[in-house]
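Structure assessment
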Amino acid sequence: MHGLAAAELVQRAGFRSVLAELLRNFDHVLVDTPAAVFGTDGVVIAARCGATLVVARRNASKVSALQDLVAALQAGQSRLAGVVMNEY
């Protein structure tokens, strides 16, 4: 599996199985992904999760970039739960 992108890994049955098992045992499961500026892995992974929470960095994230990210998430069939402003 060395060298596979996250987007390729979540296509596999193993990801669905692990996520299903976690959801059977926990009320909420958070899946952290690489920042959107580093590629599309986060958008691909978000499409396989129940809801998406976008984390924006205060004084760093641009509104236009967040709008583009939200559009990409919606195009990928993600349900946007909200946006959190992070100071770090």
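The present account deals with the structure reproduced in this document. (Residues numbered from 1 in each chain as written. Predicted model: local features only at pLDDT ≥ 70, side-chain atom pairs only at ≥ 80, totals over all residues. Heavy atoms only, no water.)

1. Some thoughts on unusual backbone geometry
For Asn 59, which is not glycine, the phi torsion reads 65° and is therefore positive. On the secondary structure map, Asn 59 appears in the loop between strand S1 (52-57) and helix H4 (63-75). Accessibility expressed as a relative area gives 73% for Asn 59, which makes it exposed. Residues other than glycine seldom take positive phi values, yet Gln 77 does so here, at roughly 70°. For Gln 77, the position within the fold is in the loop between H4 and strand S2 (80-86). A residue is classified by how much of its surface remains accessible, and Gln 77, at 66% relative accessible area, is exposed. (Helix = DSSP H or I, 4+ residues; strand = E, 2+ residues; numbered from the N terminus. Buried < 20%, exposed > 50% of the residue type's maximum accessible area, 1.4 Å probe, protein only.)

2. Some thoughts on the pattern of salt bridges
Per the stated rule, a full pass over the model turns up 2 salt bridges. Across the salt bridge formed by Arg 24 and Glu 21, the nearest N and O atoms sit 2.6 Å from each other. Within this pair, Arg 24 and its partner Glu 21 are both found in helix H2 (residues 13-25), separated by 3 residues, close to a single helical turn. Look at Arg 24 and you get exposed, because its relative accessible area is 59%. Judged by its relative accessible area of 38%, Glu 21 falls in the partly exposed class. Ionic pairing is found between Arg 58 and Glu 87, a salt bridge with its closest N-O pair at 3.2 Å. Of this pair, Arg 58 sits in the loop between S1 and H4 while Glu 87 sits in the segment after S2, and the two are 29 residues apart along the sequence. (Salt bridge = Lys/Arg side-chain N within 4 Å of Asp/Glu carboxyl O.)

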